[in-house]
Structures are given as structure tokens and as C-alpha cells.
Amino acid sequence: MSNKKQVHTMRQAIRWGDMDAFGHVNNTVYFRYMESGRIAFLEQAAGDLEIEGEGPVIVTAYCNFIRQLKYPGEIEIRTFAGPAGRSSFEVTHEIRMVDADGNADVVAAEGGGKVVWIDFAAEKSVPLPARVREMLPVG
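What this report covers is the structure whose coordinates are included nearby. (Residues numbered from 1 in each chain as written. Predicted model: local features only at pLDDT ≥ 70, side-chain atom pairs only at ≥ 80, totals over all residues. Heavy atoms only, no water.)

**Considerations on the overall build of the protein chain**
Moving on, step 1. Looking only at helices and strands, one finds 2 helices and 6 strands in the protein chain.
Moving on, step 2. Seen in sequence order, the protein chain has helices and strands lined up from the N terminus as β-α-β-β-β-β-β-α.
Moving on, step 3. With the C-alpha coordinates aligned to their principal axes, the bounding extent of the protein chain is approximately 45 × 30 × 25 Å.
Moving on, step 4. Across the 139 residues of the protein chain, 42% fall into the buried class.
Moving on, step 5. Of the contacts made within the protein chain by residues no fewer than 6 positions apart, 71% connect residues no fewer than 24 positions apart.
Moving on, step 6. If the 15 positive side-chain charges of the protein chain are averaged to one point and the 19 negative ones to another, these points end up 5 Å apart. (Helix = DSSP H or I, 4+ residues; strand = E, 2+ residues; numbered from the N terminus. Buried < 20%, exposed > 50% of the residue type's maximum accessible area, 1.4 Å probe, protein only. Contact = heavy atoms within 4.5 Å. Lys, Arg positive; Asp, Glu negative; His and termini not counted. Charge placed at Lys NZ, Arg CZ, Asp CG, Glu CD.)

Shown next as C-alpha cells:
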């Protein structure tokens, strides 16, 4: 994750409803986990995510599945951000399994995407707010 800065870490429980018929966390839920990390970071950086009709949208998303997650369990979501462009930045996540000792050493998935700040009414990109830009690494 070159030129990326770790900007947020959070833990959450794996819920029973996260699993599918095969007995492991459904692949779509990994995107929800990453969303939780991304939104928590953005709320930390920008406060209310709707700033006078502006806010973040994700325009690309990907996930590399490394290990299965199962209920019961806990995960740690580490969020990393890349340098700011005019209106966007890259965000990546590591979803890690938390073991019985509270360590999060095993990566279960890696993923991310591109966040673009937009004017919702105009449906066009706008410059990133200064308080978000300040949380990102310098390019």
C-alpha cells in the first residue's frame, strides 16, 4: 500500500445474519464491512457527511477474498487512504480476523475503491473539503 496512510481502525462483531447457506460470511458482506470502515473514517474527517448538498460517493469497488470469515467472531477493519486529487482519493481496507487473545494478525480480505466528492443536485464532482483533504497523505 505504497503512498497510503492508515487513517482509521475499528472492530465489529460478525453477525449471524452475515453468513450464507454455505456457513461462511457472504462475499457481499465484505463490502459492507469496508463501507463501515470508510464511513467511520469520513465521519471522523468531515463530521456530517452532507455538507450543503455535497458528499462522498464510491465510484469503484473491489475485494480480494483471502480467508473465510464465520460467526461467531470479530473483525478489525483497517482503512488506508491515498493522496487527494481535486475531488477524489483512493481508499483501501484490510479486514482482519481477531483471535481469542485480541490480536488482529490474520488478513481475511483486502479491498477498496475510489471516493469522489460530488454536488448531489448537480451530479458533478466538486473539490474535496479542506477537512477531508487534511486527513489524507500528501502526494
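**Here we look at the environment of Ala 45**
Moving on, step 1. Positionally, Ala 45 belongs in helix H1 (residues 27-46).
Moving on, step 2. Taking relative accessible area as the criterion, Ala 45 reaches 8% and is therefore assigned buried.
Moving on, step 3. Each C-alpha atom, one on Ala 45 and one on Val 25, is 29 Å from the other, the two residues being 20 residues apart in sequence.
Moving on, step 4. Once residues within four sequence positions are removed from consideration, Ala 45 is found in contact with Arg 131, Val 132 and Met 135.

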